[in-house]
Amino acid sequence: MAGKQNEKRHEKRKSAKSEKSEKSEKPAKQEKPAKAGKAAKAGKAGKRSDGGGDGARPPLRELLRVTPGERPDLRLLDSSGTPGGPAGKAAGLAATALLAQPLASLQERLYAASTAGDRRRVLLVLQGMDTSGKGGTVKHVIGQFNPSGCRIKGFKAPTEEEQSHPFLWRIKQELPLPGEIGIFDRSHYEDVLIARVRELVPRNRVRSRYAQINRFEQALADDGVSVVKVFLHIGHEEQRSRLLARLDNPDKHWKFNLGDIEERSLWPAYQEAYELALERCSTDAAPWYVVPADRKWYRNWAISTLLLEHLEEIDPRYPKGDFDVEECRRQLLEG
């Protein structure tokens, strides 16, 4: 991943502790391209300073992509970094606002194309530790789309009925229809994350699920679904700060769960579970993207940009009318 701190990690293999001490609000324009290596294992590095593609710079999806078959070390990835991002918060907010119009236009074209039989659609999968910003992403990023063309689903603990089916059954019920943008707040990956950490099922069953997930996502891609899987990478101390902020504000107490403290004690186990999922389920058909999530403005810009790049790749077109335009105009003028 790009960034001056990441480059140092690649070249000098600094410890995570020393890197944390270097956390700052330095603008992204000071970041330099870093050579991808086994220390990062989260995609090719590069530099990008704006929200659009000019053809000369690598797309953000290349900077944040997890290389298939390689295991990222989350301890070495700066959760406060801004790889490829605008130069600071103010610029980031402005750049994100500029993405609203092209995103809305592409969404309309995607929906319009579906009325003529185009089956393509987008599925955004959001995963991350508690407070990493899954809900915030839905609010700030998906809020730029027409809600009538979105299908949003938050997955909680499975119900009794859902438990009576294979683990992918409930996921299949919520997939976006052609022309839609689907958003999963948590997903089928819970069945290889919490199921692994909490030992809810035998370990050999968890291992078999990675291959099942890959086959499922390949089938989605073959059916015209662009699967955009985002791991929101939040730091341990940043999570503490956000949980404390919820305690300090009575209006946020409803968002606090006593179980968050217990889950936090299992942080190393969850990080390992995420690393395994990223390694085994980042494929050419459905790659994972690691988005640093300590800075909310960067998170929103990065996910908006990833969605824009995928929609631009789809390049949906308005369908042509199957009627005589001039004849219809004549009838309206004479009527």
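See the structure printed just above.
Note that the structure is predicted; figures quoted are calculated from it, not measured.

### A closer look at the environment of Arg205
- Structurally, Arg205 is set in helix α9 (residues 203–222).
- Between the C-alpha atom of Arg205 and that of Val192, which follows or precedes it by 13 residues, the distance is 9.2 Å.

### Observations concerning the nonpolar core
- By size, the foremost hydrophobic cluster in this structure holds 38 residues, and its most contacted members are Tyr189 and Val192.
- In terms of residues, this core owes the most to one element, helix α12 (residues 267–281), which gives eight residues.
- Excluding residues within four positions of it along the chain, Val192 makes contact with Val206, Arg209, Tyr210, Ile213, Ala273 and Ala277.
- Core analysis: the second largest hydrophobic core is formed by 34 residues, Leu124, Ile142, Val291 and Leu306 among them.

### Focus on the pairing of strand β5 (residues 288–292)
- Counting buried residues in β5 gives five out of five residues, a clear majority hidden from the surface.
- Judged by which residues are buried, β5 turns out to be covered on both faces: Trp288, Val290 and Pro292 on one side and Tyr289 and Val291 on the other are all buried.
- As defined by bridge partners, strand β4 (residues 225–233) adjoins β5 across five bridges and the pair is classed as parallel. Its bridge partner lying in β5, Leu232 is registered against Val291.

### Details of the pattern of salt bridges
- One pass over the structure, following the stated rule, counts 22 salt bridges.
- The salt bridge involving Arg198 is made with Glu263; its shortest N-O contact spans 2.4 Å. Residue Arg198 is found in the loop between α8 (190–197) and α9, and its partner Glu263 is found in helix α11 (residues 258–265); the two are separated by 65 residues along the sequence.
- For Glu263, a relative accessible area of 17% puts it in the buried group.

### Looking at unusual backbone geometry
- One non-glycine residue with positive phi stands out, namely Glu199, at about 55 degrees.
- For Asp315, which is not glycine, the phi torsion reads 50 degrees and is therefore positive.

### Thoughts on the side chain of Ser226
- Here Ser226 lies in strand β4.
- Under the relative-accessibility criterion, Ser226 is labelled buried at 16%.
- Ignoring sequence-local partners within four residues, the contact set of Ser226 consists of Arg121, Val122, Leu123 and Ile314.

### A word on the sheet that holds β4
- Here we have five strands laid out as an open sheet, ordered β2-β3-β1-β4-β5, and parallel in their pairing. The two strands at the open ends of the sheet, each matched to only one other strand, are β2 (150–154) and β5. Taking each pair of neighbouring strands and ignoring which way they run, the sheet shows an average axis angle of 20 degrees.
- Packing against the sheet, helix α13 (residues 296–314) makes contact with β1 (121–128), β3 (181–185), β4 and β5, and its axis sits at approximately 150 degrees to β5.

### Comments concerning the pairing of β4
- Burial within β4 is extensive, with nine of its nine residues counted as buried.
- In β4, alternate side chains face the same way, and those of Val225, Val227, Lys229, Phe231 and His233 on one face and Ser226, Val228, Val230 and Leu232 on the other are all buried.
- Here β1 runs beside β4; their pairing, made up of eight bridges, is parallel. Paired with Arg121 across the bridge in β4 is Val225.

### Structural notes on a positive patch on the surface
- A cluster of basic residues, Lys89, Lys139, Lys252, Lys255 and Lys296, forms a positive patch at the surface.
- Assignment of secondary structure puts Lys89 in helix α4 (residues 89–114).

So, how was this worked out
Residues numbered from 1 in each chain as written. Predicted model: local features only at pLDDT ≥ 70, side-chain atom pairs only at ≥ 80, totals over all residues. Heavy atoms only, no water. Helix = DSSP H or I, 4+ residues; strand = E, 2+ residues; numbered from the N terminus. Core = buried A, V, L, I, M, F, W, Y, C linked by side-chain atoms within 4.5 Å. Buried < 20%, exposed > 50% of the residue type's maximum accessible area, 1.4 Å probe, protein only. Contact = heavy atoms within 4.5 Å. Pairing = 2+ DSSP bridges. Salt bridge = Lys/Arg side-chain N within 4 Å of Asp/Glu carboxyl O. Axes fitted to C-alpha atoms, helices over the stretch in contact; angles between N-to-C directions. Patch = residues over 30% accessible without salt bridge, like charges linked within 9 Å, V, L, I, M, F, W, Y side chains within 5 Å. Areas by Shrake-Rupley, 256 points an atom, 1.4 Å probe, with all protein chains shown as cover. Lys, Arg positive; Asp, Glu negative; His and termini not counted. Charge placed at Lys NZ, Arg CZ, Asp CG, Glu CD.

Coordinates in, geometry out; function isn't part of it.
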